[in-house]
Amino acid sequence: MGNREKQIRWKAAFWLLFWGICIMAGCGNATDCDSSKETPVINIGISGNSGVRQNMESVNKELEKISVEKIGVKVRLVATGRESGDNAFKNRQLGLDVYGMYYHTFCSCQKKHLLLDMSTYLNDAPALMQVLEEKVKMQDLGENGVYCIPKPLSDLHSNGALLNRDCVERYQFDVSQVHQPEDLEPFFDVIIEKEPDMIPWVLEKQGNSVVERSPIADILDGCLTGILYENNVPAVCNVFETEAYEDEVYLAKRWQEKGYLAKDILTCMESGKNLVAAGDAFATECVIKPDETQYNDSIYGEKMVTVPFDRKAVLNTRDDWVYVWAVSAETKYPHEAVKALNLLYSDPEVLNLVLYGVAGENYEVQEDGSFDFKEGETRDTVAYFNASKWKFNTPKAGVWKGMSQDLEADFEAFADSAIHSAAYGFWLDESRLTVDLESLRRIVNTYTAKLKVGLCDTESYLEEFRARLKEAGAEQLVSEVQQQLDEWKKTEKEQNRTEIEQ
């Protein structure tokens, strides 16, 4: 036998042995043996210091299962605590592929090139495309591409109050007579007399104004210039010079002097809703929107009464983009990450898991399809609870006991009824301003901290505040913002005329 024939036989024997081992190991075909094709894992950061409770393992187990079935990807939730935003080191340590952030943080992330341009992947993300088409065009940051998607529901502003139900019933308060915050004052007087250990009114959350959720103006520079919703005409003013602002700060002062507010109002960390539910406070401000109001009534209805104030909801440009979702530029799986984000915007099963946890474990499905806590469980004891529901497409998810079975239609009707700012669609170009906007912002932050909760001599403090703003160029700022708004209005009219002619 020649050397060449021996080599051929040795090679044949080797390959027979190799395939025999593969068959014994259960690798009967090449596809089964390809270990390089592991299922991608996409980590979605869920933030909020009072957000997702940390017991997430069972939720992630179920989420991985259904996401593999739907898009061939394992999707997992990662609790980030407070917003991670542009903290690239923290996001990298947590292994985040997808995360949400406030718009101002997005601008920082964009400048640092931390985010993925999703534009080439959106063909497989119809829900994301729909949101982009529905919202007013985002501010041009000088870069082409799609680096974020606004949260599905715009932040329509409409407010009311949550009242402690025990007190309402015990003292027979007629809540039908409450149309504005001032109408609560007779109730507060009773609480001070009858419930000395109860705070009449607490802030919705730390840092808010006494009344926060019904803005008087569309603030165009994020600082002090805006157009008043009262008449809603495109006439720019210094909001802090208006009678409407005076009404707000004098209300806060009166409530402070009458003892309606807590002594630790600037340092209290607990949310107003929790204080009212616990019986430590009588009332707090709340958002009035179908998704949030109906959920509050379902979960807290035994402890609290929701009372809307008589003021239509308002919507401005930044309300569409107040909170956005993005994909990390460092993700290993850009296509899969965008598909996972699309699920987060559109899929009821995924949304139910993210918002409420696992059916049968964290809640039970009732005969009519609605959800309710298991017997003996509450929002305070359930193993999984997400308090940051406003960041997600709640109308697409299931509804809780007592809620409308067509929540999505309810929200659409509510959104259609909102007043759109006369400047809706306008973005201020701060690079064109000659005034030092940062100096003005520092003045605003310094003075409003006390004015909005009545912790100052309001009359003299407001006068000093206005003088400081004037010295720093507030009047010039109003003029420059008005000029940009006028230019935008003219361009908008020309575009509308062209579209009609076409």
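Structure: see above.
What you see is a predicted model, and the numbers here were worked out from it, not measured in a lab. Per-chain numbering applies: the sequence of each chain, read as written, is numbered from 1 onward. For a predicted model such as this one, the threshold for reporting local features is a pLDDT of at least 70, and the threshold for listing and counting side-chain atom pairs is 80 or more; totals across whole chains, interfaces and linings nevertheless cover every residue. Note that water and hydrogens are dropped before the side-chain values are worked out from all heavy atoms of the structure.

Brief notes about empty space enclosed by the protein
Over the atoms rolls a probe the size of a water molecule, and in doing so it shows where empty space is left. Using only the protein atoms, space was sampled on a 1 Å grid; points where a 1.4 Å probe fits but cannot get out form cavities, open sets with protein on both sides within 12 Å along at least five of seven lines form pockets, and lining residues are those with an atom within 4 Å of a point. Grid points are joined across faces, edges and corners, and a volume is the space filled by probe spheres set on the points. With the rule as written, the count across this model stands at three cavities of 30 Å³ or more. Volume-wise, the largest cavity comes out at about 60 Å³. For the largest cavity, the full set of lining residues is Asp218, Ile219, Leu220, Asn316, Thr317, Arg318, Phe426, Trp427 and Leu428. Counted by class, the lining of the largest cavity contains five nonpolar, two polar and two charged residues. Classification used: nonpolar for Ala, Val, Leu, Ile, Met, Phe, Trp, Tyr, Cys and Pro, charged for Asp, Glu, Lys and Arg, polar for all others including Gly.

Section: the layout of surface pockets
Of the volumes computed, that of the second largest pocket is approximately 620 Å³. As for the second largest pocket, its lining consists of 23 residues, and the residues nearest its centre are Glu134, Lys135, Pro152, Leu153 and Glu412. Secondary-structure elements contributing two or more residues to the lining of the second largest pocket are helix 6 (126-134), helix 12 (334-346) and helix 14 (407-416). Per-element tally for the lining of the second largest pocket: the top contributor is helix 14, with five residues. Looking at the lining of the second largest pocket residue by residue, the class counts come to 11 nonpolar, five polar and seven charged. Counting from the N terminus, the helices are the DSSP runs of H or I reaching at least four residues and the strands are the DSSP runs of E reaching at least two.

Notes on the nonpolar core
By convention a nonpolar core is built from buried Ala, Val, Leu, Ile, Met, Phe, Trp, Tyr and Cys residues, the set being connected through side-chain atoms within 4.5 Å. Note on exposure labels: buried denotes an accessible area under 20% of the residue type's maximum, exposed denotes more than 50%, and partly exposed covers the range between, all computed with a 1.4 Å probe on protein chains only. The biggest cluster of nonpolar side chains holds 62 residues, and the ones touching the most others in it are Ile44, Leu77, Trp325, Leu341, Leu344, Tyr345 and Trp400. Considering each element in turn, this core owes the most residues, seven residues, to helix 12. Listed in part, the 37 residues of the second largest apolar core include Leu224, Val239, Ala423 and Leu437.

Re a negative patch on the surface
Here a patch means residues that are over 30% exposed by relative accessible area and free of salt bridges, tied together within 9 Å if like-charged and within 5 Å if nonpolar (Val, Leu, Ile, Met, Phe, Trp, Tyr). For accessible areas, the Shrake-Rupley method is used with a probe of radius 1.4 Å. Any residue's cover is judged against the shown protein chains and nothing else. Note on definitions: salt bridges are taken to be side-chain nitrogens of Lys or Arg within 4 Å of carboxyl oxygens of Asp or Glu. A residue counts as positive if it is Lys or Arg and as negative if it is Asp or Glu; His and the chain ends are not included. Positions of charges follow a simple convention, taking NZ of Lys, CZ of Arg, CG of Asp or CD of Glu. Among the surface-exposed residues, Glu133, Glu134, Asp406, Glu412 and Asp416 lie close enough to one another that they form a single negatively charged patch. Secondary-structure elements contributing two or more residues to the negative patch are helix 6 and helix 14. You can see Asp406 is positioned in the loop between strand 15 (371-372) and helix 14. The class of Asp406 is partly exposed, set by a relative accessible area of 44%.

Points about the sheet that holds strand 4 (residues 149-150)
If you trace the five strands from one edge of the open sheet to the other, you get 2-1-3-13-4, paired in mixed fashion. In this open sheet, the two strands that pair with only one neighbour each are strand 2 (74-81) and strand 4. Strand pairing is assigned whenever DSSP identifies at least 2 bridges connecting the two strands. Inspection of the sheet shows strand 3 (residues 98-102) paired to strand 13 (residues 323-327) by five bridges, in the antiparallel sense. Looking at the pairing, Tyr99 lines up with Ala326 of strand 13. In this analysis, two residues are considered to be in contact whenever any of their non-hydrogen atoms come within 4.5 Å of each other. An axis is simply a line fitted to the C-alpha atoms; with a helix, the fit covers only the stretch in contact. Between two such axes, the angle follows the N-to-C directions and lies from 0 to 180 degrees. Along the sheet, helix 12 makes contact with strand 1 (41-47), strand 2, strand 3, strand 4 and strand 13, crossing strand 13 at roughly 150°.

Here's the deal with the packing of helix 15 (residues 437-451) against helix 16 (residues 458-471)
Packing of helix 15 against helix 16 brings their axes to within 10 Å, and their N-to-C directions diverge by 175°. Classed by the angle they form, the pair helix 15 and helix 16 counts as roughly antiparallel. On the side of helix 15, the interface is formed by Leu440, Ile443, Val444, Thr446, Tyr447, Thr448, Lys450 and Leu451, while helix 16 contributes Thr458, Tyr461, Leu462, Glu464, Phe465, Arg468 and Leu469. Looking at the contact of helix 15 with helix 16, its residues break down into nine nonpolar, three polar and three charged. Roughly parallel here means an angle under 35 degrees, roughly antiparallel means over 145, roughly perpendicular means 65 to 115, and every remaining angle is called oblique.

Observations regarding the side chain of Asn208
Here Asn208 lies in the loop between strand 6 (199-202) and strand 7 (217-219). We call two N or O atoms a polar contact when they sit within 3.5 Å, provided that within protein one can donate a hydrogen and the other can accept it, with sequence-adjacent residues counted only if both atoms are side-chain atoms. Engagement of the side chain of Asn208 in a polar contact is seen with the side chain of Glu204, the distance being 3.2 Å. With near-sequence residues (within four places) excluded, Asn208 lies in contact with Leu203, Lys452 and Val453.

Here we look at the packing of helix 11 (residues 290-300) against helix 14
Put simply, helix 11 and helix 14 touch, their axes get as near as 9 Å, and they point 130° apart. Looking at the two axes, helix 11 sits oblique to helix 14. Here Pro290, Asp291 and Gln294 of helix 11 come into contact with helix 14, specifically with Leu407, Asp410, Phe411 and Phe414.

Looking at the sheet that holds strand 7
Across the sheet, which stays open at both edges, the three strands sit in the order 7-8-9 with antiparallel pairing between neighbours. In this open sheet, the two strands that pair with only one neighbour each are strand 7 and strand 9 (237-238). The pairing of strand 8 (residues 225-228) with strand 9 spans two bridges and is antiparallel. Bridge assignment links Gly226 to a residue of strand 9, and that residue is Cys237.

As for helix 9 (residues 243-257)
Its 15 residues give helix 9 an end-to-end C-alpha distance of 21 Å, which sits within 8% of 21 Å, the value for a rise of 1.5 Å per residue. Of the positions making up helix 9, those classed as buried are Ala244, Tyr245, Val249, Leu251, Ala252, Lys253, Trp255 and Gln256. For helix 9, the elements touching its buried residues are helix 8 (185-194), strand 6, helix 15 and helix 16. Just beyond helix 9, the residue with positive phi is Gly259, at close to 80°. Working rule for helices: expected span equals 1.5 Å times residues minus one.

A closer look at the pairing of strand 8
Sheet topology note: the strand 7/strand 8 ladder contains three bridges and is antiparallel. Bridge assignment links Asp218 to a residue of strand 8, and that residue is Ile227.

Focus on the environment of Ile46
Looking at the secondary structure, you find Ile46 in strand 1. Considering only alpha carbons, one finds Ile46 and Leu77, 31 residues apart in sequence, at a separation of 6.5 Å.

Quick notes on the pattern of salt bridges
Counted by the stated rule, this structure contains 23 salt bridges. Of the charged contacts, one joins Lys70 and Glu349 as a salt bridge, the two residues approaching to 2.8 Å between their closest N and O atoms. Separated by 279 residues along the polypeptide, Lys70 in helix 3 (residues 57-71) and Glu349 in helix 13 (residues 348-356) bring together distant segments of the chain. Since its relative accessible area comes to 34%, Lys70 is described here as partly exposed. Residue classification places Glu349 among the partly exposed positions, given a relative accessible area of 43%. In this structure, a network of salt bridges that share partners links the residues Lys151, Asp155, Lys289 and Glu292.

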